[in-house]
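Now for the letters of each chain:
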Protein chains: 2
Amino acid sequence: MRTVYSGLVDEKFIGQTVTLYGWVHRRRDHGGVIFIDLRDREGLVQVVCDPDRPEVFNTADKVRNEYCLKVVGLVRSRPEGTKNDDLISGAVEVLCQDLEVLNPSLTPPFSLDDDNISETARLTYRVLDLRRPVMQRNLRLRYKTAMAFRRFLDEHGFIDIETPALTRSTPEGARDYLVPSRVEEGCFYALPQSPQLFKQMLMVAGFDRYYQIVKCFRDEDLRADRQPEFTQVDIETSFLTQEEIRDMFEKMVRGVFKEVLGVELANPYPVMRWDDAMAKYGSDKPDLRISLEFKEITDLCKDTSFKVFANAAAMPNGKVVAMNVPKGCQLPRSEIDSYTEFVKIYGAKGLAYIKVNEKAKGREGLQSPIVKNLSDEFLNAVIERTGANDGDVIFFGADKKKIVWDSLGALRLKIGRSEFGKKAGLFTEGWKALWVIDFPMFEWSDEENRWMACHHPFTCPKPEDVDKLQSDPEHCYAQAYDMVLNGWEIGGGSIRIHKEDVQEKVFSALKITPEEAEQKFGFLLNALKFGAPPHGGIAFGLDRIVAMMTGANSIRDVIAFPKTQRAQCLLTHAPAPVTEKQLRELHIRLRNEHHHDEQ
Amino acid sequence: MRTVYSGLVDEKFIGQTVTLYGWVHRRRDHGGVIFIDLRDREGLVQVVCDPDRPEVFNTADKVRNEYCLKVVGLVRSRPEGTKNDDLISGAVEVLCQDLEVLNPSLTPPFSLDDDNISETARLTYRVLDLRRPVMQRNLRLRYKTAMAFRRFLDEHGFIDIETPALTRSTPEGARDYLVPSRVEEGCFYALPQSPQLFKQMLMVAGFDRYYQIVKCFRDEDLRADRQPEFTQVDIETSFLTQEEIRDMFEKMVRGVFKEVLGVELANPYPVMRWDDAMAKYGSDKPDLRISLEFKEITDLCKDTSFKVFANAAAMPNGKVVAMNVPKGCQLPRSEIDSYTEFVKIYGAKGLAYIKVNEKAKGREGLQSPIVKNLSDEFLNAVIERTGANDGDVIFFGADKKKIVWDSLGALRLKIGRSEFGKKAGLFTEGWKALWVIDFPMFEWSDEENRWMACHHPFTCPKPEDVDKLQSDPEHCYAQAYDMVLNGWEIGGGSIRIHKEDVQEKVFSALKITPEEAEQKFGFLLNALKFGAPPHGGIAFGLDRIVAMMTGANSIRDVIAFPKTQRAQCLLTHAPAPVTEKQLRELHIRLRNEHHHDEQ
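Residues numbered from 1 in each chain as written. Chains lettered and ligands numbered in written order. Predicted model: local features only at pLDDT ≥ 70, side-chain atom pairs only at ≥ 80, totals over all residues. Heavy atoms only, no water.

So, about the relation of the copies chain B and chain A. Under the fitted operation, chain B is carried onto chain A by 0.0 Å of movement along the axis and a turn of 180°, and the coordinates agree to an RMSD of 0.0 Å. Taken together, the rotation and translation relating the two chain copies correspond to the operation of a two-fold axis. Looking at the interface residues of chain B, 100% of them are also at the interface in chain A, so both copies use one shared face. (Least-squares fit on C-alpha atoms with pLDDT ≥ 70 in both. Contact = heavy atoms within 4.5 Å.)

Here it is in structure tokens:
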């Protein structure tokens, strides 16, 4: 066995003969002596191979990068002036007494010190990519984070209970991955999108506190930074109120960030109603590192002669919103023009703005293509409401509220996170966590021509809204809560429905007939009949949290063997064709047999 | 929030007003007072509802079994003579001051105290079944066991790294569960049978010590006590020898048994070569609680005139084996006759035996249909070799070795574990762990007409056998090891091949061509080219271990939501038909469209 990891050989070992295992990170010949930087998961140590020991020296002469070695040697101080403070082992070196090549290596297709390797190369040679210190660090931090979650949950009486991976297709969810059954011809399992129904049933079964760090699956197009399989810290508890749940889990996340990164998150978290988050930031996951805020001016626009504003204000669901950007006059004209194109991505037809050059001068001090269409009163009111000062720019969104929120919300992030935003003091580095609560119960789907559940159909409405579920679904709010960090939703949950009659009302609002409900969710409805306790829970996205903690650009950098955007594994070449015999056993065939012949 | 779990209210709480949540386990009206046994996951407490408080009493009057309640009340001593030593709360009761029905319950379809509920009812009403204290205990013991594994592994530098669930179909394995790809028409993912190749690649990537408590999948017929998805404690390490690995993981399992059950396993474990285990017990997972052993007598049978023995001894791969059963003369004749039928299940043609009534009398003291065919010399030699005493019965197996091992091995378990075996002192209660090592590399498959890997094709042969891989595969042994407990294989592993040339030789012995190898395992072969470290590992079957620890009859009793023997979930009715739209998106159709129409 090794004496110690290479990367941990320090002054304590001076004078000792140690056995080390690792890989050649670098090898150099310097004044007739060969130096090998031996690397293992804990870091590097310098191994010195002296020509005095011809056997060792001759072996060392032959080794190349990424050879796997066993080294026996004497730890000694490095000569004065050659210490390296960046390494734990930087004050010592190992005088090699015995050197064994355990396995040679071809020349790697890329240097492990290169930070600009193409992702295709990285995923194809994932084994070598994972040797890079940054990937070692990412996956170890992931482990440390997961264990910190486990420790908290264990200490608070939560029990890890495994729920099935082969389960039933989820109605009302995203697209399922299906698994054909061999035994039951024509039937399919689905891989779980989340253990939602199982964890609720565990509460009905009286386990009281459940958790699981569990793979979930969604067969969706991977436009954003998503993976077909992702990992959730999945939690459910009985008999706690929403406030008690939020309190417990912000404490958990604070503890994890403190333990893993040494970072202090807000205590307590700010809590923001969904309505307020949308009104102020155009987003249900506001990035509070950015100080920019919206001000609604719909009321000011009813009588304006500027049609764009007046029409938006008159529309059902229309809105006019202003966002003042302090020091925005420093933005070059070309930048402001590019914003107009940017907001179009989100459906906006254009982007009105006013540069506030010198507000004391009245409209003369304002610069904008639209000023001529606006009255003095309106301009004064806007300046007052937004608190704009000289040198600021006010941007406007005027459209259906969703378009205004999306477009101006995205612009807020773009400006806030830009170099300009950082220089202008609109952005504060750090970690800004909050709760967003009181989500709407339903959102309208044009595609389905019915109300859909915003969270999922098992979310409990606020008690005062139970009677409005049918009559006014638009204004029903849910006992749902999201944990938001720096503009990402890192966790979300809700109090669940534990009363059969309330569940039936929600299904009815969703236009799910009792027959459908029975067929799709009969097992849950049945469970609610037998003394189901009040319960609720939350699920955290582990991949995202760890990506944020490590500063990774993508969740692919915190997953050992991720898939590409086409859901392929470049290492193993999954998915792949299978044999005709396999398909026959599963009672299926390919629609296009041609594809089968190609294999 | 609750003050404490109901089951944990003890004398410390006397005089306190507590808030409890739980379910009505029993309710009885006794002398005008209503007593409710309130149950939660920690146990029961007695709640007293007095007619003095009409509101409480009237509510209590209406509650029934399995109602979910909130109770506020004063903890007091139970009256003398009514204490219950079986309960933690047995010395106290809670005088109810406020009683709230959180949810009523229908009358459960079975009593939670019933130990003879049909498995169909239990799986259909799994939520209620899981409320039964035995199931609560089983799943909590499972959690405790998993956490004990994690703690050991964490303390020893192992890192939990998640490997993909959507991966590539495994050649050389059992039948895969397949997942059709929507994006890559005609292609399929497979669910992993184990993370074998990924954990090896993590070793090549330098993570050094890996673990994962992970779901694995095999689409096999569930004759035995198996599940389509099962959970493995999966482990891999670099740079350790077989002995170091065995030493570490017997220490782990000893620690887990000590922590969870307070049981001491052997230290160190006995280590038995596979050849010896087969010769002595006819099994590679011998139950060492049973003292019965085989003695080979093939050499004595060459010249015997008893054809059954002489023919078996002369067969290639033939064997004659004797198993002495002390005090076997106490077995009724009918029992011995039933053994003849029993061994036929395993392919034996019959079961020869000799009752040793009085060995001093020579052949006169022996009773058996076959004695007349056997010489005095033979009989004396058999009695000497088996060490049979007066009152014993010697059973014989004579056939191809596999049939002898299987049939006499099964008989050994049957007799050893029977009431007779226990009375006759052939069985010692307790926990008998051992290692079985030096497994053969290959076993011949008539079906495939080639040698197949006994463990898997990545298992390292013993160094002295590398050169015999082609010329004498039958006599090549593997650096493989199984951990066996009370006749069950609870873990198995091996040192893996880390040298490309050895891997090629093994593929060649398995008649896998270089082209096939490249196509199926190219990513592993490629990884071996880049300084792969010596490595090895082990995987433990968590379901089986926990079933043994809890004394459960089936692994289904330690899995929250198991499948039936037809791989169905009776609770959610998975697998189930899916829509035509779903199939189209996956580019597949049913072979028999009729099945589709039925949904």
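Structure shown, so let's carry the discussion forward.
On to the sheet that holds strand S5 (residues 92-103) of chain A. All names here are of chain A. An order of S1-S2-S3-S5-S4 is seen for the 5 strands of this closed barrel, with the pairing classed as mixed. Taking each pair of neighbouring strands and ignoring which way they run, the sheet shows an average axis angle of 55°. Sheet analysis places strand S4 (residues 68-77) next to S5, joined by 10 bridges and oriented antiparallel. Considered in S5, the bridge of Val 72 is made with Asp 98. (Pairing = 2+ DSSP bridges. Helix = DSSP H or I, 4+ residues; strand = E, 2+ residues; numbered from the N terminus. Axes fitted to C-alpha atoms, helices over the stretch in contact; angles between N-to-C directions.)

This part is about the sheet that holds strand S11 (residues 271-273) of chain B. Residue and element names in this part refer to chain B. Read across the open sheet, the 8 strands follow the order S6-S9-S10-S22-S21-S20-S17-S11; overall the sheet is mixed. Unpaired on one side and paired on the other, strand S6 (159-160) and S11 mark the two borders of the sheet. Summarising the sheet, strand S10 (residues 229-238) and strand S22 (residues 535-541) pair through 7 bridges and their orientation is antiparallel. Paired with Ile 235 across the two strands is Ile 538, which belongs to S22. Each of strand S9 (209-217), S10, S11, strand S17 (433-437), strand S20 (480-485), strand S21 (488-495) and S22 touches helix H6 (residues 242-261); the most contacted strand, S20, lies at about 20° to it.

Quick look at the interface of chain B and chain A now. Residue-level contacts link 122 residues of chain B with 122 residues of chain A. The junction of chain B with chain A conceals about 11,200 Å² of combined surface from both sides, 59% of it contributed by carbon and sulfur atoms. One salt bridge connects Arg 2 of chain B with Asp 208 of chain A, and the closest N-O pair in it is separated by 2.7 Å. Taken together, the links from chain B to chain A amount to 71 residue pairs in polar contact (both at pLDDT 80 or more). Here the element with the most residues in the side of chain B that touches chain A is helix H4 (residues 133-155) of chain B; it accounts for 9 residues. (Buried area = accessible area lost by both parts, 1.4 Å probe. Salt bridge = Lys/Arg side-chain N within 4 Å of Asp/Glu carboxyl O. Polar contact = N/O pair within 3.5 Å; in protein donor to acceptor, adjacent residues only side chain to side chain.)

What follows deals with empty space enclosed by the protein. Inspection of every chain in the model, using the stated rule, returns 6 cavities of 30 Å³ or more. In this structure, the largest cavity encloses a volume near 600 Å³. Along the walls of the largest cavity sit 36 residues, with Ile 213, Val 214 and Lys 215 of chain A together with Ile 213 and Val 214 of chain B positioned nearest its centre. Elements supplying a minimum of two residues to the lining of the largest cavity: helix H4 (133-155) and strand S9 (209-217) of chain A together with H4 and S9 of chain B. Split by residue class, the lining of the largest cavity holds 21 nonpolar, 5 polar and 10 charged. Quantified by volume, the second largest cavity comes out at close to 160 Å³. Lining the second largest cavity are 19 residues, with Glu 162 of chain A together with Arg 142, Lys 215, Ile 559 and Ala 560 of chain B sitting closest to its centre. (1 Å grid on protein atoms, 1.4 Å probe; cavity = no way out; pocket = protein on both sides within 12 Å on 5 of 7 lines; lining within 4 Å. Points joined across faces, edges and corners; volume = space filled by probe spheres on them. Nonpolar A, V, L, I, M, F, W, Y, C, P; charged D, E, K, R; others polar.)

Attention now moves to helix H14 (residues 500-509) of chain A. Residue and element names in this part refer to chain A. Taken as a whole, H14 has its buried residues at Val 502, Gln 503, Val 506, Phe 507 and Ala 509. Taken end-on, H14 shows its buried residues confined to a sector of 160°, consistent with a single buried face. Along its buried surface, H14 packs onto strand S18 (442-445), strand S19 (450-453) and helix H15 (514-528). Where H14 terminates, the next one or two residues include Lys 511, which has phi positive at roughly 60°. (Buried < 20%, exposed > 50% of the residue type's maximum accessible area, 1.4 Å probe, protein only. Arc of directions from axis to C-beta.)

Our focus in this paragraph is the state of the cysteines. Applying the stated rule across the entire model yields 0 disulfides over all chains. No disulfide involves Cys 187 of chain B; its sulfur sits 13 Å from the nearest other cysteine sulfur, which is in Cys 569 of chain A. Overall, the relative accessible area of 14% leaves Cys 187 of chain B in the buried class. (Disulfide = S-S within 2.5 Å.)

Right, let's get into unusual backbone geometry. The step from Asn 267 of chain A to Pro 268 of chain A runs through a cis peptide bond, and the omega angle for that step is -5°. Relative to the assigned elements, Pro 268 of chain A resides in the loop between helix H6 (242-261) and strand S11 (271-273). Non-glycine residue Asp 208 of chain A carries a positive phi angle of around 70°. Relative to the helices and strands, Asp 208 of chain A resides in the loop between helix H5 (196-204) and S9. Not every positive phi belongs to a glycine, and His 587 of chain B is a case in point at roughly 65°. Given the relative accessible area of 17%, His 587 of chain B is considered buried.

The next subject is the domain arrangement of chain A. When the parts come together, some accessible area is lost, and that loss is often what is quoted as the size of the interface. According to the domain assignment, chain A contains domain 1 (6-103), domain 2 (134-264 + 539-581), domain 3 (290-427) and domain 4 (434-535). Relative to domain 3 of chain A, the C-alpha centre of domain 1 of chain A lies at a distance of 62 Å. (Domains from an automatic or database assignment.)

Residue and element names in this part refer to chain A. As paired elements, strand S1 (residues 17-30) and S4 share 7 bridges and run antiparallel to each other. Within the sheet, the bridge partner assigned to Thr 19 lies in S4 and is Val 72. With 7 bridges connecting them, S1 and strand S2 (residues 33-40) associate as antiparallel partners. Opposite Arg 26, over in S2, you have Asp 37 as the bridge partner. Hairpin remark: S1 followed by S2, antiparallel, with 2 residues in the connecting loop; positive phi at Gly 31, about 60°.

Turning next to the packing of aromatic side chains. The relative placement of two aromatic rings is captured by the distance of their centres and the angle of their planes. Residues and elements named next belong to chain A. Tallied over the full model, the rule gives 44 aromatic pairs over all chains. Here Tyr 339 and Phe 395 contribute two aromatic rings whose centre-to-centre distance is 5.8 Å and whose plane-to-plane angle is 65°, an arrangement assigned as edge-to-face. One end of the pair, Tyr 339, is in helix H10 (residues 333-344); the other, Phe 395, is in strand S16 (residues 392-400), and 56 residues separate them in sequence. Exposure remark for Tyr 339: the relative accessible area of 1% places this residue in the buried category. The buried category is assigned to Phe 395, whose relative accessible area is 0%. Geometrically, the ring pair formed by Phe 507 and Phe 521 is stacked, given 5.0 Å between the ring centres and 10° between the ring planes. Linking Phe 507 in helix H14 with Phe 521 in helix H15, this pair joins segments that are 14 residues apart in sequence. Following the ring pairs from residue to residue traces out a cluster consisting of Phe 306, Phe 309, Phe 378 and Phe 396. Against the face of Phe 342 rests Lys 414, its NZ or CZ located 4.7 Å from the ring centre. (Phe/Tyr/Trp six-rings, centres within 6.5 Å; stacked < 30°, edge-to-face > 60°. Lys NZ or Arg CZ within 6 Å of the ring centre and 35° of its normal.)

Below, the discussion takes up the UniProt feature "binding site: L-aspartate" (unreviewed entry) in chain A. All names here are of chain A. According to UniProt, the "binding site: L-aspartate" (unreviewed entry) feature falls on Glu 172, Arg 218, His 455 and Arg 496. With respect to the secondary-structure elements, Arg 218 resides in the loop between S9 and strand S10 (229-238). Judged by its relative accessible area of 34%, Arg 218 falls in the partly exposed class. Filtering out sequence-adjacent residues up to four positions away, Arg 218 remains in contact with Ala 174, Arg 175, Tyr 177, Gln 193, Pro 228 and Phe 230. Its location among the elements puts Arg 496 in the loop between strand S21 (488-495) and H14. In this structure the side chain of Arg 496 is engaged in a polar contact, spanning 3.4 Å, whose partner is the side chain of His 456. (UniProt positions renumbered as here; feature names shortened; annotations may be inferred.)

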